[in-house]
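In case you want the letters, here they are:
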Amino acid sequence: STMTGPVTVAPPCHCGPSEIVDIASIVATGRTENDNASIGLLPGVLDPVIGLGVDIALPCGRFYLTGVSGIGDITLHVDGRTALFIEGDVNALGVFDIDLGPGGELDMFIAGNLLSIGAGSYGDRTRPARTRIYVGGSGDVTIIGATGFVGNVYAPHARITAPGATSVYGSLFGREID
């Protein structure tokens, strides 16, 4: 049988101002509570990168960077359950790769905005749930030229844009998706 009548549909998410994850506070905590000293990681090592690029191995732990910027190749090798706290923006022009080892998992908290122009990958296509990116800024999250964006992006204040032919393996949560 067919029934016609009013229907109540619950909101798709908890999106009220008091329900949004406070990414800036999480990053502020990561600034003081991190494992940088255990691997000799300097907070400004990727701000900026110019030229041939930088490879950084991040084991299991919590790590803090002031920002990620520049023109060059950046590769993060993640071998365990890792949290990366970034105080400013991620403005990567060139190759930006997140290489997950067999047990690698990454939670990246960016207090600012995310701009990625050039080839690169953000994780493993067979395991997109192992890369989680939280963006606190209200500017555009822009991904141009990625060979395939892998991961889950949570950017509740931002418009997420991916001009061109970009494949997404994972999920996008933004104020707007273009």
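In what follows, the structure referred to is the one given above.
Residues numbered from 1 in each chain as written. Predicted model: local features only at pLDDT ≥ 70, side-chain atom pairs only at ≥ 80, totals over all residues. Heavy atoms only, no water.

Engineer: Let's hear about the overall build of the protein: which residues, and what values?
Structural biologist: When helices and strands are tallied, the protein shows 2 helices and 12 strands. Moving toward the C terminus, one meets the helices and strands of the protein in the order α-α-β-β-β-β-β-β-β-β-β-β-β-β. Expected size for 178 residues packed as a compact globule is a radius of gyration near 16 Å; at 17 Å, the protein falls within 12% of this value. Counting across all 178 residues of the protein, residues that qualify as buried make up 40%. If you average the places of the 9 positive and of the 18 negative side-chain charges in the protein, the two averages end up 5 Å apart. (Helix = DSSP H or I, 4+ residues; strand = E, 2+ residues; numbered from the N terminus. Rg over C-alpha atoms; globule rule 2.2 N^0.38 Å. Buried < 20%, exposed > 50% of the residue type's maximum accessible area, 1.4 Å probe, protein only. Lys, Arg positive; Asp, Glu negative; His and termini not counted. Charge placed at Lys NZ, Arg CZ, Asp CG, Glu CD.)

Engineer: Describe the pairing of strand 9 (residues 131-135), listing the residues and the values that go with them.
Structural biologist: Among the 5 residues in strand 9, 5 count as buried, and that is most of the element. Alternating residues of strand 9 divide into Thr131, Ile133 and Val135 and Arg132 and Tyr134, and every residue in both groups is buried. Relative to strand 9, strand 7 (residues 105-110) is paired through 5 bridges, and the arrangement is parallel. For isoleucine 110, the partnering residue across the bridge sits in strand 9 and is valine 135. (Pairing = 2+ DSSP bridges.)

Engineer: So what's going on with the side chain of threonine 82? Which residues, and what values?
Structural biologist: When you line up the elements, threonine 82 lands in strand 4 (residues 81-86). Here proline 59 takes part through its backbone oxygen, which lies 2.9 Å from a polar atom of the side chain of threonine 82. With near-sequence residues (within four places) excluded, threonine 82 lies in contact with Leu58, Pro59, Cys60, Gly61, Phe63, Glu105, Leu106 and Asp107. (Polar contact = N/O pair within 3.5 Å; in protein donor to acceptor, adjacent residues only side chain to side chain. Contact = heavy atoms within 4.5 Å.)

Engineer: Please provide a residue-by-residue account of unusual backbone geometry, values included.
Structural biologist: Each neighbour pair has its own omega, and for aspartate 47 with proline 48 the value is 5°, a cis peptide bond. Following the sequence through the fold, proline 48 ends up in the loop between helix 2 (36-39) and strand 1 (49-58).

Engineer: Report on the side chain of threonine 142, specifying residues and quantitative values.
Structural biologist: Examined against the element boundaries, threonine 142 turns out to sit in strand 10 (residues 141-144). Looking at threonine 142, its side chain comes within polar contact range of the side chain of threonine 161, at 3.1 Å.

Engineer: So what's going on with a negative patch on the surface? Residues and values would help.
Structural biologist: Together, Asp55, Asp73, Asp79 and Asp99 make up a region of like negative charge exposed at the surface. Structurally, aspartate 73 is set in strand 3 (residues 68-78). Accessibility expressed as a relative area gives 35% for aspartate 73, which makes it partly exposed. (Patch = residues over 30% accessible without salt bridge, like charges linked within 9 Å, V, L, I, M, F, W, Y side chains within 5 Å. Areas by Shrake-Rupley, 256 points an atom, 1.4 Å probe, with all protein chains shown as cover. Salt bridge = Lys/Arg side-chain N within 4 Å of Asp/Glu carboxyl O.)

Engineer: Got a sec to walk through the pattern of salt bridges? Specific residues and values, please.
Structural biologist: For the structure shown, the criterion picks out 7 salt bridges. For the salt bridge of glutamate 105 with arginine 132, the shortest nitrogen-to-oxygen distance reads 2.9 Å. In this pair, glutamate 105 is assigned in strand 7 and arginine 132 in strand 9, connecting sequence segments 27 residues apart. When sorted by exposure, glutamate 105 lands in the same class as arginine 132, which is buried. As a salt-bridge pair, arginine 159 and aspartate 178 come within 3.3 Å of each other at their nearest N and O atoms. Here arginine 159 is found in strand 11 (residues 149-161), whereas its partner aspartate 178 is found in the segment after strand 12 (168-177), with 19 residues between them in sequence.

Engineer: How would you sum up a nonpolar patch on the surface? Please name residues and give values.
Structural biologist: On the surface, a cluster of nonpolar side chains totalling about 300 Å² of accessible area is made up of Ile71, Leu93, Ile117 and Ile144. With respect to the helices and strands, the residue isoleucine 144 is situated in strand 10.

Engineer: Which residues make up the packing of aromatic side chains, and what values do they have?
Structural biologist: Taken as a whole and judged by the stated rule, the model has 5 aromatic pairs. Look at phenylalanine 85 and phenylalanine 109: their rings are 5.5 Å apart centre to centre, the planes differ by 15°, and that puts the pair in the stacked class. Residue phenylalanine 85 is found in strand 4, and its partner phenylalanine 109 is found in strand 7; the two are separated by 24 residues along the sequence. Grouping residues by exposure puts phenylalanine 85 and phenylalanine 109 together as buried. (Phe/Tyr/Trp six-rings, centres within 6.5 Å; stacked < 30°, edge-to-face > 60°.)

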